[in-house]
Structure formats: C-alpha cells, structure tokens
Amino acid sequence: VADEVSGWIVPGGTGKRNLGDVTSETLAAAVASNNRWLEECVMLLLCVLSLDRFADYGSDQVTAPVRETAAQTLGVTLAPLNLPSTNNILHLLTQLQGQTEWDVRYGGYLGLKYMLAARLDLAAQLLPAALPFLQRGLEDPDDDVRAASADALVPVASELLALGPGPAQTIRSLLWGLLAELDELSPAIA
C-alpha cells in the first residue's frame, strides 16, 4: 500500500469526487476522439454489410441476420455523428448499391434504411441525395433488393411528401408498377 493518497481514495472512504476541470479544450478533444472511434465502427459495419453472404430464405423472403444486425448497429452509431460525417457514410452506402452482386446491394439498402430511420432529424438533408438510389433500388432486377429499397422508404415517407409532388409521384408510380408485375409470393410485395 502506498504511503501517500493517490487521489482516488480519500480518507474516510468517500472516493474521488473531483476528477478535474472540464475545459473547452478537453471537451473538444473528447468529442473528436469519440467521432473517430464511431467512424471506425461505421467502417467495420460497412465491411460486414458488403462482405457477409449468409442468407436464409423463409416464405420466399430473404433473411440476412448478420447484415440486418450490422445495419441496425450502423443506425445507432450514426446518431451522434454530424451531418458531414453522415453524408460521407451515405456516399459509401450508395457505392454498395452500385455493385453487381445482389447481396452487396441488399446490404447497402439495409444500411440506408437504418440510416434514414436513425437520423430523421437530418432526413430533409439526406433524402434528396438518397432518393435516386432508392428509386434505382425499386427498379433492381432482384426481388429482395427491391423489398429492401421499399423498406428504406418507410421511415421517411412523410419527409418524401415534403420534397414536393414530383418525387412522391415517381415513388408511388414505381411501387404501383411493382405490384402489377410481381406475383403474390414476391418479397417486394410484402
């Protein structure tokens, strides 16, 4: 046992009550460190979304539990990030949607779904950039990708109406077109 008090143990057993002053510099350093850590987590989650290939099929709809969990975690991770960081992640998700493998595109739309759901406060800024990719997803040749794209629109449906009648009409036409061309067992119908 040390002869002098370390500062963590105060005589009488009350413990450390004052850990030091919080200055604007230490707060800024803590925020910057937290943002770097969160962005690193996001990059690893994007790797999971793009590389995971496990999928199970039940009642003609794909279930990708690893990608779904990674996308949900991505949404939670984005909550404290600022708009520029969120826009950068949106750009990375749109790059996933341009890949040839359906499961990579599917993962990108899952990530976009939870991004938009978690950042409803930024929906007005994110939706105009995401909308062309969501429309492309509704026209994807794979049913599961179309279903994921349609699911991504659900959390921002009211914000879609705020963009004006043009985008809402386009999305509505695409969705009605899907209903007409797909059979009742298609995942995109659900």
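Preceding this section is the structure that the text describes.
Keep in mind that what you see is a predicted model, and the values were worked out from it rather than measured.

## Some details on the overall build of the chain
Then, in step 1: For the chain, the count of helices and strands is eight helices and two strands.
Then, in step 2: When the helices and strands of the chain are placed in sequence order, the string is α-β-β-α-α-α-α-α-α-α.
Then, in step 3: Counting all 190 residues of the chain, 39% fall into the buried class.
Then, in step 4: Pairs at least 24 apart in sequence give 66% of the contacts found in the chain among residues at least 6 apart.
Then, in step 5: A total accessible area of about 10700 Å² is found for the chain, and carbon and sulfur atoms account for 59% of it.

## A look at the pattern of salt bridges
Then, in step 1: All chains considered together, the criterion is met by five salt bridges.
Then, in step 2: Arg-67 serves as the salt-bridge partner of Asp-52, at 3.3 Å between the closest nitrogen and oxygen. Here Asp-52 is found in the loop between helix H1 (24-51) and strand E1 (56-58), whereas its partner Arg-67 is found in helix H2 (residues 65-78), with 15 residues between them in sequence. When sorted by exposure, Asp-52 lands in the same class as Arg-67, which is buried.

## Observations regarding helix H6 (residues 143-153)
Residues spaced three or four apart along an α-helix face the same direction, because each turn holds 3.6 residues.
Then, in step 1: For H6, the buried fraction is high: nine of the eleven residues fall into the buried class.
Then, in step 2: Residues of H6 that are buried: Asp-144, Val-145, Arg-146, Ala-147, Ala-148, Ser-149, Ala-150, Ala-152 and Leu-153.
Then, in step 3: The residue sitting at the N-terminus of H6 and contributing the capping side-chain oxygen is Asp-142; that oxygen lies 2.9 Å from the backbone nitrogen of Asp-144.

## Details of helix H3 (residues 83-96)
Then, in step 1: Along its 14 residues, H3 runs 20 Å from first to last C-alpha, staying within 8% of the 20 Å computed at 1.5 Å per residue.
Then, in step 2: Looking only at H3, the buried set comprises Ser-85, Thr-86, Ile-89, Leu-90, Leu-93, Thr-94 and Leu-96.
Then, in step 3: The inward-facing, buried residues of H3 contact H1, H2, helix H4 (102-118) and helix H5 (123-138).

## Describing the side chain of Asp-140
Then, in step 1: Its location among the elements puts Asp-140 in the loop between H5 and H6.
Then, in step 2: The exposure class assigned to Asp-140 is buried, which follows from its relative accessible area of 7%.
Then, in step 3: One polar contact links Asp-140 to Arg-105, side chain to side chain, over a distance of 2.7 Å.
Then, in step 4: Within the structure, Asp-140 has its side chain in polar contact with the backbone nitrogen of Asp-142 (distance 2.9 Å).
Then, in step 5: Once residues lying within four places of it in the same chain are set aside, the contact partners of Asp-140 are Arg-105, Val-145 and Arg-146.

## Some details on the packing of aromatic side chains
Then, in step 1: Using the criterion set out here, one finds one aromatic pair in the structure.
Then, in step 2: Between the NZ or CZ atom of Arg-67 and the centre of the ring of Trp-102, over which it lies, the distance is 6.0 Å.

## Observations concerning the environment of Gln-125
Then, in step 1: Relative to the elements of secondary structure, Gln-125 occurs in helix H5.
Then, in step 2: Considering only alpha carbons, one finds Gln-125 and Asn-87, 38 residues apart in sequence, at a separation of 8.8 Å.

## Examining the packing of H5 against helix H8 (residues 165-181)
Then, in step 1: Across the interface, H5 lies against H8 with an axial gap of 10 Å and an inter-helix angle of 15°. Here H5 lies roughly parallel to H8, going by the angle between them. The way H5 lies across H8 gives a crossing that is left-handed. In this structure, H5 contributes Leu-131, Gln-135 and Leu-138 to the contact, and H8 contributes Pro-167, Thr-170, Ile-171, Leu-174, Leu-175 and Leu-178.
Then, in step 2: Considering only residue class, the contact of H5 with H8 consists of seven nonpolar, two polar and no charged.

## Some details on a nonpolar patch on the surface
Then, in step 1: The grouping of Val-22, Leu-27 and Val-31 at the surface amounts to a nonpolar patch, some 290 Å² of accessible area in total.
Then, in step 2: Along the polypeptide, Val-31 turns up in helix H1.
Then, in step 3: Judged by relative accessible area, which is 44%, Val-31 ranks as partly exposed.

Each value, and the rule that gives it
Residues numbered from 1 in each chain as written. Predicted model: local features only at pLDDT ≥ 70, side-chain atom pairs only at ≥ 80, totals over all residues. Heavy atoms only, no water. Helix = DSSP H or I, 4+ residues; strand = E, 2+ residues; numbered from the N terminus. Buried < 20%, exposed > 50% of the residue type's maximum accessible area, 1.4 Å probe, protein only. Contact = heavy atoms within 4.5 Å. Areas by Shrake-Rupley, 256 points an atom, 1.4 Å probe, with all protein chains shown as cover. Salt bridge = Lys/Arg side-chain N within 4 Å of Asp/Glu carboxyl O. Polar contact = N/O pair within 3.5 Å; in protein donor to acceptor, adjacent residues only side chain to side chain. Expected span 1.5 Å × (residues − 1). Phe/Tyr/Trp six-rings, centres within 6.5 Å; stacked < 30°, edge-to-face > 60°. Lys NZ or Arg CZ within 6 Å of the ring centre and 35° of its normal. Axes fitted to C-alpha atoms, helices over the stretch in contact; angles between N-to-C directions. Parallel < 35°, antiparallel > 145°, perpendicular 65-115°, else oblique. Left-handed = near helix turned anticlockwise from the far one by under 90°. Nonpolar A, V, L, I, M, F, W, Y, C, P; charged D, E, K, R; others polar. Patch = residues over 30% accessible without salt bridge, like charges linked within 9 Å, V, L, I, M, F, W, Y side chains within 5 Å.

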